[in-house]
Structures are given as structure tokens and as C-alpha cells.
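Summary of structural features
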Amino acid sequence: MQLNSVPSLDVLPTDIGSGSVAFGTGDRPTTDSDDPFQRRADWTLSTPQGRRLTEQKTTALRQLLEQHRGDRQLIILQDFPDPDALSSAWVYKLIADQFNIRCDIVYAGTLSHQENIALVRLTGLPVQRWSYQAAKEKDLSVYGGAVFVDNQGTTTQLLPLIEQLKLPVAVVIDHHSLQSDLHAEFSDIRPQTRATATILTQYIQSGMVRLDTSNNEHVKCATALMHGLRCDTNRLMQAQEEDFLAAAYLSRYADAQLLNAVLQSSRSKRVMDVIERSLRNRIIRNNFSIAGVGYLRYDDRDAIPQAADFLVTEENVHTAVVYGIVHDEDEDLEIVIGSLRTNKLTLDPDEFIKEAFGQDAQGRYFGGGRSMAGGFEIPMGFLSGFNENSDYTRLKWEVFDSQLKQKLLRLVNPEDEVIRTS
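Residues numbered from 1 in each chain as written. Predicted model: local features only at pLDDT ≥ 70, side-chain atom pairs only at ≥ 80, totals over all residues. Heavy atoms only, no water.

Once that is clear, we can look at the sheet that holds strand S3 (residues 127-129). The strands making up a sheet associate through backbone hydrogen bonding, with each pair oriented either parallel or antiparallel. The strand order S3-S2-S1-S4-S5-S6 describes an open sheet built from 6 strands, whose pairing is parallel. Each edge of the open sheet carries a strand with a single partner, namely S3 and strand S6 (186-189). Averaged over all pairs of adjacent strands, the angle between their axes in this sheet comes to 25 degrees, without regard to strand direction. Here strand S2 (residues 102-107) pairs with S3 via 3 bridges, running parallel. Of the residues in S3, the one forming a bridge with Val106 is Gln128. Docked against the sheet, helix H1 (residues 48-67) engages strand S5 (169-174) and S6, running at close to 150 degrees with respect to S6. (Pairing = 2+ DSSP bridges. Helix = DSSP H or I, 4+ residues; strand = E, 2+ residues; numbered from the N terminus. Axes fitted to C-alpha atoms, helices over the stretch in contact; angles between N-to-C directions. Contact = heavy atoms within 4.5 Å.)

Next up on the list: the pairing of strand S9 (residues 319-327). Within S9, 9 of the 9 residues are buried, leaving the element largely enclosed by the surrounding structure. Where strand S8 (residues 288-297) and S9 come together, 8 bridges link them in parallel fashion. When the sheet's bridge partners are listed, Ile290 is paired in S9 with Val321. (Buried < 20%, exposed > 50% of the residue type's maximum accessible area, 1.4 Å probe, protein only.)

So, on to the pattern of salt bridges. Under the defined criterion, the tally for this structure stands at 17 salt bridges. With a shortest N-O distance of 3.3 Å, Arg51 and Glu55 are connected by a salt bridge. Of this pair, Arg51 and Glu55 are both found in helix H1, 4 residues apart, which corresponds to roughly one turn of the helix. Given a relative accessible area of 37%, Arg51 falls into the partly exposed group. For the salt bridge of Asp401 with Lys405, the shortest nitrogen-to-oxygen distance reads 2.6 Å. Within this pair, Asp401 and its partner Lys405 are both found in helix H13 (residues 390-412), separated by 4 residues, close to a single helical turn. Assigned by exposure class, Asp401 and Lys405 land together as buried. Sharing partners across several salt bridges, the network here consists of Arg270, Arg297 and Asp300. (Salt bridge = Lys/Arg side-chain N within 4 Å of Asp/Glu carboxyl O.)

Laid out in C-alpha cells, this is it:
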């Protein structure tokens, strides 16, 4: 998938929230040794299990980073990075800085969700957009390794390029179920953890970064982490003990006013239109709400998960699946993108999506998930591309809509054999 999108979002630090006071007791002395191995851990807010696992992982990560001291690494996010990915990558960058490792955080898709745009703009989060074509023209030989945070390469257009150039995979840190084997030098994949932000917060607690409330970047990064943790735990309603403890720790440093400014960002009219379309087109079977929303511009891709978030709130619905055909600005390439949201504890989104849509010719799944949420991307192959004939585009949508409903309903209601799209 090599979709082009809007020009890169200009990322400029702002002073919003920088003058507010972080709550708690975060302004502790920061005179510990600059050597990361000698920093004192702060486990006052952690579970014994999380402490043991994180101690093991951080020891291994420290050793790896020491071996790569002075290198340059490329941190790769999913094409449509969410707050969990953005904030976690920022923490990894701060950790790598301790070892004189320069990191660039990149994504190949777009930031379209209003909260994601606000997060990057208001915090000055150091992320760059690299389209696949732009990445091909860059000299990637300057990087000693690739780092995948909050993904395992299956949701980024840049993975084939990394593999083609044989850039070593140094680190993978993720909380999703195992998607692929990247043969990383260091791997920390915890499917039972609700957010990658929780994992990175535990790294901070282990002493890999000493946060300081007088450091504006630290305050903004902690605020971003709080937002990432909040988003991936459905505003902490699906949080586990380790997530609450991570949030409590971050509260010492996070800027409440800055976080509120991010959360106050409003939905665009186009997003509201997609939500309305999903409501109009939905079918409900066995407490599943399934909706196709037709064609969307690449910039509006994040309207799909927001529509799924809305549909799952309907009475007597425990799971919502929303999908549409997303096309790039030149309308040369198209891809089916979908999102699943559920509040049914016994439904595993990762297993459901993998069973519904299977794998491609290379054995890679078209999607996966985590607790209560999942997503999928299905290339359209030969049928991809713009056609001026409106009848043709309508027929193409009906074919894909029918096929997707059929695959979903095989699991939702096996007795349904006739699929109706009208």
C-alpha cells in the first residue's frame, strides 16, 4: 500500500499549558547520576508483577542501547498513529537520548483525528510524516536500526522498504497480540497490557528517564503519555491495576490544562457526516452492528473508528464494525479500512478479525486488535483506482460491501446465507 496524503503537518511547539503546574509531588531532586545504569528506580506506584517484568526488560534494553551508543535509529509508527503510539515513541526517543542515540519518529499515513492533530500541535511532539515515495528517496543508510513502537510492522507502508534495504530491526515495543516476527534484537510485546503507554511509563519508573517538572519537554511528554493511556483504556474504564498505577505516577508530572486543551478539540463536519452515514447504513445481527460507509478521502480515515465508537453505544449492541473504501488525493489507489469496537468481555477483537478476514499471500493478517478494539486494512488489488463512471464506482462498492458483510456474518450469524446491501 503506497498511498499519498496531504502535506506533512507542521509541528511547532507552543506555550499552551507550559505555565501551569503539574499536580502531585513530581518536583523531586534531579541530581542523580547521569549514567542510566545508576539512576534510582521509583516503584512506589507499581504492581510486583509489573516491576519484575519491567526490571528484566529494562536491563535487556539498557544493554542493547549501550551496544548501539552513538547510533541513529528510525522509530516507525503505524500509518495512522494514535496517542498511545505517538506518546510512547516520544518516551523511547528520550530514553535513547541518554545513550547518545539520535532518533527520528516517522509515519507514512496521515494524522486526521482531531485529537491526534491537537496533541502534536500543542505539545510539539517530534514526529514527521514520510510518505512511502518520500522515504524511498531518503538515505536510510544513516540509520543503524529500525524501532517499531505500538505496532509490529503490519500497519505501516514502510515495512517493505525497511526489509528491502535490510535495515536491522533493533527494538519492538507493543501491547497488541503477536502479528509477525520481525526478528528484533530486543522485543517487549505484552498482549495483556492495555496500552503501550503503560509499558513506557514503567520504563520511566525503572529509572531510564528521570522526569523533572521544571523541564517543559518532560511535562508535555508526560501529558501525552497520560492521553495515550487514557485513549487505549477507553478513558480508564477498561484500565487494569497497572494502568491506574501508571496514570497515578504520570499525574505527578502531567499538565491538566494542556490535556484538557487536547480533549476539547471538536469533530469536523466530515466526521459527523460519516457517523451519520454509519447510523443510516447499519445492520444489526445478534447484538453486532455492522455498517459500510462507502468512499472516504484519505484525510478522513479516522472518521471510521469514531463511527464505530458511536455505534457501539447503541442499546442492545455489544460490538460495532464500521468500514469504508479510503482513497488517496489522486484517487489512484484505494484500500478497504475498518474498525471494530466491543464491550463484550468474551469477544477477542484480534481473534475475531483474523478469523473473519484471514491472511494475504505472504501470510500476513489483514488486521488484528487488542482488548475491546481492532482494525483491518484490505487492499483492493486489480479493482483499485478511480473511474469516472458513477455506476461503476457504485457497483464496486456494492461488491466489497457484500463481501465484507458475508465474511463478518459468517461469524456473527452463521445461519444467514443471503446478504442484502440495500
